[in-house]
Amino acid sequence: MAAGVAAWLPFARAAAIGWMPVASAPMPLAPREKRRTQDGFIIINVSGTKFQTWRSTLERYPDTLLGSTEKDFFFNEEINEYFFDRDPDIFRHILNFYRTGKLHYPRHECISAYDEELSFFGIIPEIIGDCCYEEYKDRRRENAERIQDDADDENNKEGVMPDMTLRQSMWRAFENPHTSTLALVFYYVTGFFIAVSVIANVVETVPCRASPGMIKDLPCGERYALAFFCLDTACVMIFTVEYLLRLIAAPSRYRFVRSVMSIIDVVAIMPYYIGLVMTDNEDVSGAFVTLRVFRVFRIFKFSRHSQGLRILGYTLKSCASELGFLLFSLTMAIIIFATVMFYAEKGSTASKFTSIPAAFWYTIVTMTTLGYGDMVPKTIVGKIVGSVCSLSGVLVIALPVPVIVSNFSRIYHQNQRADKRRAQKKARLARIRVAKSGSANAYMQSKHNGLLTDSPEQASKEAGQAFLSKTNLSFEKEHHHLLHCLEKTTNHEFVDEETYEKNCMEVSSVNPPGSRCSSISSQHGLTSTCCSRRNKKTFRLPNSNMSGSHAGSLQELSTIQIRERPLISNSRSSLNAKMEDTVQRNSEHPYVTSAIISIRTPPVTSREGNNTSDSPDYSQRNIVKVSAL
Amino acid sequence: MNLEGLEMIAVLVVLGLFVKVLEQFGLFEPIGVEDSTEDDFELSTVCYRPEGLDKLQEQTKFTKKELQVLYRGFKNECPSGVVNEETFKLIYSQFFPQGDSSTYAHFLFEAFDTDKNGSISFEDFVMGLSIILRGTINDRLNWAFNLYDLNKDGCITKEEMMAIMKSIYDMMGKCTSPCMQDDTHREHVESFFQKMDRNSDGVVTIEEFIESCQKDENIMRSMQLFDNVI
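To keep things clear, this report deals only with the structure shown in the data block. Nothing here was measured: the structure is a model prediction, and the numbers come from that model.

1. Topic: the overall build of chain B
Looking only at helices and strands, chain B has 12 helices and 5 strands in total. A total of 230 residues make up chain B; the buried ones form 40% of that total. By sequence separation, contacts in chain B at least 24 residues apart represent 58% of the contacts at least 6 residues apart.

Right under this line is the structure:
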């Protein structure tokens, strides 16, 4: 319920005059509110900046520090004001929340300072208005990432955990080569061999001078076949050993096998082994040659060594949808233009556009503005279509590219920031250590000199927990009285959803006049949800109140139960499975009034969570009233 | 393809481009005006100021302090100074989150808006409240009758009462105990007419209404509830 419209409550209660003449039950008594002396000013002094507002403004949200009696701890008699030693700029927003009911987040403020102020004043951040919520969440997430990064660094860089198994240390060596010299050596060796292997693959195909006695040039691979074979064997051996070591050291072997890098490793060394296994069979040698193509995948192994490559790969993965869209739109355009081109050039003689798929090649070459010139349109129509095709190609390709670029740039900069932070961290920590040791030394010094003084801790916030605040209930009382009047007018009560469902199902199986109200348990449920929801910032002890009323209500209910037992034995047993107490109401008249009422807290309040929920108070007052008309 | 047909198409394309170029230069207004949104802005910034505090104090039975409190609350929720029906329904619905209070709010709006100009100003608001909260019992009963009499013809018919009753029951919402039947409000209307309609002519006039209410203890007592709302 928005306490922001608290000012309109008198109007709502006055409007209830429309129910009075048609009500079939007498109205409940109005709550006796003690006549407050005039709604006075309250002056709040925040580090020297004075804020002034009405008392009733602050009392709109009794769950917060300012709205409850907790602020009495900050009352200063000398200046007759409430003094808070906090940031006045942020306090401005907090006070505006009381005034307008909306909490805003100022963009220029540091997110952690803001969060601290909010928690000090007992306001949950979830009620930030829609206008500022996105920004707040984004900043929060960035902050959390930063903290997470720092925490991860702590775990990684510091402490070599003494009780790490060999397997764990091996894995760490593989993932972070900078941790030990051996890992570094291994890292460089594998890098070298990857390069050697790739170069060997490339050089293999270069035509060498023909050996004496041969006419035509041979590729080097065939001339020095043995040398290349030995080189290949060495490289593959190293790669295999590396792969096996990684497999052993991996904390989760299944996950490792499924990861991209491991698949690349496997694909890179597979052709060699397949070649070993296969004999000189003419049929399969063709396929074998094709398999050698996969050796080029060894170059992807470099991505373990280069961060830029990894970022590129990650970017492409994260822009998968944009790339997909690009591909899709290109395909559409290609098909359209190829079709038009084909039909345009159908008439001309000796046209190269023999079919639509043949025209695909022309379209792609034109759209990407390559223009090889192997296929050219000859008719006027063809030329027009060709020009439109090249223009549109530029557009279609240019559109998704900036998205990919900005993604790449963002990820790249993030990585740069992380690296910079890590580099600066050492210096920062060193400086902090120096300062700390300096103060510790000073402390030792003063102790020696006997000039020690102790400063007492400030613990004002903790002490205020157990206070019941009665002063802010008048609004709730009046609102409940209003709802109660409505119930009396219509002779129905408010119940929560589960009870309603149950009742309706029961009613359908039993004769109409008999219906149950099984609201004790729902009331219980409600209290628990209410309490758990407001557990963090509550200043009242609803449990004590609840149990008192609970006991009282149980008493009376049991008497009713005894009287009505014979009527509803069958359905009662079904309900017993779920809850302990069911109430049987005196069901002589279709319009029977309440036993216990419970109101479902509407979902809207979860966003404005600082307002007290209606139900605990309401049920408190209407314990048991069984009256048949 | 036919060369002539294509020339036609080419000509059409060129014409279309020509029109676009003219549009760019602003020499050619396209059909379809999009300025209607600007008019709306002007309407919503109209501000309305109520009459002076002294005058209102004479016309109503509230004290100065009470009027101040009322106005502050009113202005907080409606900074423009008048309430239109949408805002009214929205405010009222916040007090009855479980049901649908829009119909009843509509009837209330009609009752408060005495000069029938589609919006409630602070004067209308405060006049209505003055009658309900500070008027005599008869005044209040009169006001209630005015609320029920939807077409303001001096008598309440069964249809009008049905509408009012349905709107009240709508406010309860779905989850009630006992379950809300479809004709619950109809029975209620029947009993109401039985009580109020003395001469059983199917309508309730103002005299019948006031007479029946005065005879009913419950109603009299409930009317006194409004004495200390503010």
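2. Let's talk about the overall build of chain A
Assigned secondary structure in chain A consists of 24 helices and 7 strands. Out of the 629 residues belonging to chain A, those deemed buried represent 40%. Nonlocal contacts in chain A, meaning residues at least 24 apart in sequence, comprise 69% of its contacts between residues at least 6 apart. Summing over all exposed atoms, chain A offers an accessible surface of approximately 35500 Å²; the carbon and sulfur share of this is 62%.

3. A few points about helix H14 (residues 320–345) of chain A
Residue and element names in this part refer to chain A. Its 26 residues give H14 an end-to-end C-alpha distance of 37 Å, which sits within 8% of 38 Å, the value for a rise of 1.5 Å per residue. Within H14, the full set of buried residues consists of Leu-326, Ser-329, Leu-330, Ala-333, Ile-334, Phe-337, Ala-338, Met-341, Phe-342, Ala-344 and Glu-345. Packing partners of the buried residues in H14 comprise helix H15 (356–367) and helix H16 (380–398).

4. What about the packing of helix H9 (residues 225–249) of chain A against helix H11 (residues 260–277) of chain A?
Each pair of packed helices can be described by the angle between their axes along with the distance between the axes. Residues and elements named next belong to chain A. Where H9 meets H11, the axes come as close as 10 Å, and the angle between the chain directions of the two elements is 135°. Considered as vectors, H9 and H11 are oriented oblique to each other. Crossing angle aside, the handedness with which H9 passes H11 is left-handed. Counting all contacts with H9, which are made through Phe-229, Asp-232, Thr-233, Val-236, Phe-239, Thr-240 and Tyr-243, the residues of H11 involved are Ser-262, Asp-265, Val-266, Ile-269, Tyr-272, Tyr-273 and Leu-276.

5. Topic: the interface of chain B and chain A
Quoted interface sizes are often the accessible area lost when the parts come together. Tallying the contact residues gives 59 residues for chain B and 62 residues for chain A. When chain B packs against chain A, the two sides together hide about 5300 Å² of surface, and 69% of this comes from carbon and sulfur. Together, B:Phe95, B:Met172 and B:Ser177 form the three largest contributors to the area buried by chain B at its contact with chain A, with a combined 14%. Taken together, chain B and chain A are joined by 4 residue pairs in polar contact (both at pLDDT 80 or more). Looking at the side of chain B that touches chain A, its residues break down into 41 nonpolar, 11 polar and 7 charged. By the bridge criterion, 2 bridges tie strand S7 (residues 493–494) of chain A to strand S4 (residues 176–177) of chain B in an arrangement that is antiparallel.

6. Notes on the environment of A:Tyr187
Residues and elements named next belong to chain A. By secondary structure assignment, the location of Tyr-187 is in helix H7 (residues 181–204). Exposure remark for Tyr-187: the relative accessible area of 18% places this residue in the buried category. Here the alpha-carbon distance between Tyr-187 and Pro-177, two residues 10 residues apart in the chain, equals 6.4 Å.

7. Let's talk about the pattern of salt bridges
All names here are of chain A. This model, assessed by the stated rule, comprises 24 salt bridges over all chains. Close ionic contact of Arg-140 with Asp-115 constitutes a salt bridge, the shortest N to O distance being 3.3 Å. You can see Arg-140 sitting in helix H5 (residues 130–157) and its partner Asp-115 sitting in helix H4 (residues 111–120), a full 25 residues away along the chain. Classification of Arg-140 as partly exposed rests on a relative accessible area of 30%.

8. Observations concerning the nonpolar core
Counting 75 residues, the largest nonpolar core has A:Trp19, B:Tyr92, B:Leu108, B:Met161 and B:Phe209 as the members making the most contacts within it. A per-element tally of this core places helix H9 (residues 158–172) of chain B first, with 8 residues. Residue assignment places this core across two domains, with domain 1 (53–134) and domain 2 (140–229) of chain B each supplying three or more. Not counting the four nearest positions on each side in its chain, B:Met161 is found in contact with A:Val22, B:Tyr148, B:Ile156, B:Val189, B:Phe192 and B:Phe193. Ranked by size, the runner-up nonpolar core spans 31 residues in total, among them A:Tyr61, A:Tyr114, A:Ile123 and A:Ile127.

9. What to know about unusual backbone geometry
Residue and element names in this part refer to chain B. Located in the positive-phi region is Lys-116, a residue other than glycine, with phi close to 55°. Looking at the secondary structure, you find Lys-116 in the loop between helix H6 (102–112) and strand S2 (119–121). The exposure class of Lys-116 is partly exposed, given its relative accessible area of 47%. Residue Lys-152 is not a glycine yet carries a positive backbone phi of 55°. Note on placement: Lys-152 falls in the loop between helix H8 (137–148) and strand S3 (155–156). Residue Lys-152 is classed as partly exposed on the basis of its relative accessible area of 33%.

10. Looking at the sheet that holds strand S2 (residues 49–54) of chain A
Residues and elements named next belong to chain A. Strand order in this open sheet of 4 strands is S2-S1-S4-S3, and the pairing throughout is mixed. Of all the strands in the sheet, just S2 and strand S3 (75–76) have a single pairing partner and so form its edges. Pairing of S3 with strand S4 (residues 81–84), which is carried by 2 bridges, proceeds in the antiparallel orientation. Bridging from a neighbouring strand, Asn-76 pairs with Glu-81 of S4. Relative to the sheet, helix H3 (residues 88–100) contacts strand S1 (41–46) and S2, its axis offset from that of S2 by approximately 5°.

11. Here's the deal with the pairing of S2(A)
All names here are of chain A. Note: S1 against S2, 6 bridges, orientation antiparallel. Bridge pairing in S2 links Phe-41 to Trp-54. Here S1 hands over to S2 after 2 residues, with Ser-47 in that stretch at a positive phi of 50°.

12. Overview of the pairing of S4(A)
Residues and elements named next belong to chain A. As paired elements, S1 and S4 share 3 bridges and run parallel to each other. The residue bridging Ile-44 from the neighbouring strand is Tyr-82, located in S4. A loop of 4 residues connects S3 with S4, the two strands running antiparallel in sequence, and Asn-80 in this loop sits at a positive phi of about 55°.

13. A short note on the packing of aromatic side chains
Aromatic ring pairs are reported here in terms of the distance separating the ring centres and the angle at which the planes meet. Tallied over the full model, the rule gives 47 aromatic pairs over all chains. Ring geometry for A:Tyr105 against A:Tyr114: centres 5.0 Å apart, planes inclined by 65°, an arrangement best described as edge-to-face. Comparing A:Tyr105 with A:Tyr114 shows no difference in burial state: the two are buried. Ring plane angle 75° and centroid distance 5.6 Å describe the contact between A:Phe192 and A:Phe193, whose orientation is recorded as edge-to-face. Across the ring face of A:Tyr82, the terminal group of A:Lys71 is positioned such that the distance to the ring centre comes to 6.0 Å. The positively charged end of B:Lys158 is found above the aromatic ring belonging to B:Phe193, 5.4 Å away from the centroid.

14. Side note on the packing of helix H19 (residues 474–490) of chain A against H9(B)
Taken N-terminus to C-terminus, the directions of H19(A) and H9(B) make an angle of 125°; their axes are 10 Å apart at the nearest point. For the element pair H19(A) / H9(B), the angle class is oblique. Note on packing geometry: the crossing formed by H19(A) with H9(B) is left-handed. Residues A:Leu486, A:Glu487 and A:Thr490 of H19(A) pack against B:Ile168, B:Tyr169, B:Met171 and B:Met172 of H9(B). Residues of the contact of H19(A) with H9(B), tallied by class, amount to 5 nonpolar, 1 polar and 1 charged.

15. A short note on H11(A)
Side chains that are three or four residues apart share a direction in an α-helix, a result of its 3.6 residues per turn. Residues and elements named next belong to chain A. Look at H11: 26 Å from first C-alpha to last across 18 residues, which is about the 26 Å you get at 1.5 Å a residue. Of all the bends found along H11, the most pronounced is centred on Met-270 and spans about 35°, while Pro-271, a proline, follows it within four residues. For H11, the complete set of buried residues consists of Met-261, Ser-262, Ile-264, Asp-265, Ala-268, Ile-269, Pro-271 and Tyr-272.

16. Side note on the side chain of B:Ser222
Structurally, B:Ser222 is set in helix H12 (residues 217–223). Those residues in contact with B:Ser222 that sit more than four places away from it in its chain are A:Met20 and A:Met27.

17. Thoughts on a nonpolar patch on the surface
Residues and elements named next belong to chain A. On the surface, Leu-226, Phe-229, Met-270, Tyr-273, Ile-274, Leu-276 and Val-277 cluster together into a nonpolar patch covering about 670 Å² of accessible area. Taken together, the elements giving at least two residues each to the nonpolar patch come down to H9 and H11. Here the nonpolar patch gets 5 residues from one element, more than from any other, and that element is H11. With respect to the element layout, Phe-229 can be found in helix H9.

Quick notes on the rules
Residues numbered from 1 in each chain as written. Chains lettered and ligands numbered in written order. Predicted model: local features only at pLDDT ≥ 70, side-chain atom pairs only at ≥ 80, totals over all residues. Heavy atoms only, no water. Helix = DSSP H or I, 4+ residues; strand = E, 2+ residues; numbered from the N terminus. Buried < 20%, exposed > 50% of the residue type's maximum accessible area, 1.4 Å probe, protein only. Contact = heavy atoms within 4.5 Å. Areas by Shrake-Rupley, 256 points an atom, 1.4 Å probe, with all protein chains shown as cover. Expected span 1.5 Å × (residues − 1). Axes fitted to C-alpha atoms, helices over the stretch in contact; angles between N-to-C directions. Parallel < 35°, antiparallel > 145°, perpendicular 65-115°, else oblique. Left-handed = near helix turned anticlockwise from the far one by under 90°. Buried area = accessible area lost by both parts, 1.4 Å probe. Polar contact = N/O pair within 3.5 Å; in protein donor to acceptor, adjacent residues only side chain to side chain. Nonpolar A, V, L, I, M, F, W, Y, C, P; charged D, E, K, R; others polar. Pairing = 2+ DSSP bridges. Salt bridge = Lys/Arg side-chain N within 4 Å of Asp/Glu carboxyl O. Core = buried A, V, L, I, M, F, W, Y, C linked by side-chain atoms within 4.5 Å. Domains from an automatic or database assignment. Phe/Tyr/Trp six-rings, centres within 6.5 Å; stacked < 30°, edge-to-face > 60°. Lys NZ or Arg CZ within 6 Å of the ring centre and 35° of its normal. Bend = angle between axes of the 7 residues up to and from the residue. Patch = residues over 30% accessible without salt bridge, like charges linked within 9 Å, V, L, I, M, F, W, Y side chains within 5 Å.

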